[in-house]
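Structural description and commentary
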Amino acid sequence: MSDSVLEVKGLDVTYSTNRGDVKAVRGLDLDVRRGEILGIAGESGSGKSTLAVALLRLLKPPGKVTGGSVTFYPGGRSPVDLLKVDGEELRVLRWSALSYLPQGSMSSLNPVMRVRDQFKDVILEHAPGRRSEVDTMIPRLLGEVGLEARVAGMYPHELSGGMKQRVLMAIAVALEPDLMIADEPTTALDVTIQRVILQSLGDLRRDFGVTLMVISHDMGVHAQLADRVAVMYEGRLVEVGDVRQVFKDPRDPYTRQLIESIPRLGRRAS
Ligand SMILES: Nc1ncnc2c1ncn2[C@@H]1O[C@H](COP(=O)(O)OP(=O)(O)OP(=O)(O)O)[C@@H](O)[C@H]1O
């Protein structure tokens, strides 16, 4: 099995607008190693979300991939160029090999469905063979993110923001994907809940062996969670390395600036 789960080479993404082209991702090379938590850092507008949706083939017009390749190495299957796979192949890969926790995803739960049925929808759509296991899978998955089994019988409006986020994380790992991409998973949550979410993400990696790509503008999140961090600036990757090394001795001036904007954490990680 390859040591990489994803290999991005020379990725270019452009938004063509009537005010001109915005090159949101420029010549980006990135290797995501199997089993790691890779943080993607950078300020707002640096291209982090565009990178995520391009990798997941969820980029919407006027966004367009204008160059590069993205090789995905799902465990036990042949490698695929995610930029070239067709709709059906992509449908098979979604959730079961590649899952996504979008930015602001807490509003993506269906308000009129109980949590249990939202799990069932995903599991039965993407892994119909596991029908008989569903009822035992749900409490186990909820337990994995620190939620009680009774949450399965609740509707989204009965859950706090942090609980919704944890339900979504549990759904995202239900089919044991190789890679999960989480975009700003802690944004809009209060500090105590943020810590719980980060802890749960770490637990999911440990228990499911899922590789995580975690996008956050908050260097504190990366200091707490990531093994390696990749820093984006104006669509380019300016630095990638072991999180401790990057915090201790940032090579790029922009990375240094990001770290200095959180002096307390900068000190803690050094
Ligand atoms: N639909 C769009 N049309 C035109 N330009 C866009 C569109 N979406 C994003 N952009 C531009 O692409 C660049 C990268 O944006 P992107 O949202 O990927 O950054 P980001 O780092 O994820 O920031 P944020 O965390 O604020 O979403 C920005 O210059 C942004 O203005």
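Since we're looking at a predicted model, the values are computed, not measured.

1. Brief notes about the nonpolar core
- If you look at the biggest cluster of nonpolar residues, it comprises 77 residues, and the most contacted ones within it are V214 and A230.
- Non-local contacts of A230, meaning those with residues more than four positions away in its chain, are made with L30, L38, G39, I40, A41, L237 and V240.

2. Some thoughts on helix α1 (residues 48-55)
- Of all eight residues making up α1, six are buried, and the element is well covered by its neighbours.
- Immediately downstream of α1, the backbone of R57 shows phi near 60 degrees, a positive value.

3. Things to note about the UniProt feature "domain: ABC transporter" (unreviewed entry) in the protein chain
- What UniProt calls "domain: ABC transporter" (unreviewed entry) maps, in this numbering, to residues 8-259.
- Helix makes up 35% of residues 8-259 and strand 27%, and the two end C-alpha atoms of the span are 26 Å apart.

4. Some thoughts on the site of the ligand
- Every one of the 15 residues lining the ligand counts as a neighbour, but Y15, A24, S44, S49 and T50 are closest to it.
- Those elements giving two or more residues to the shell around the ligand turn out to be β1 (4-17), β2 (20-33) and α1.
- The dominant element in the shell around the ligand, judged by the number of residues it contributes, is α1, at three residues.
- Classifying every residue of the shell around the ligand gives four nonpolar, ten polar and one charged.

Conventions adopted
Residues numbered from 1 in each chain as written. Predicted model: local features only at pLDDT ≥ 70, side-chain atom pairs only at ≥ 80, totals over all residues. Core = buried A, V, L, I, M, F, W, Y, C linked by C-beta atoms within 7 Å. Buried ≥ 20, exposed ≤ 12 C-beta atoms within 10 Å, placed from the backbone. Contact = placed C-beta atoms within 7 Å. Helix = DSSP H or I, 4+ residues; strand = E, 2+ residues; numbered from the N terminus. UniProt positions renumbered as here; feature names shortened; annotations may be inferred. Near = placed C-beta within 6 Å. Nonpolar A, V, L, I, M, F, W, Y, C, P; charged D, E, K, R; others polar.

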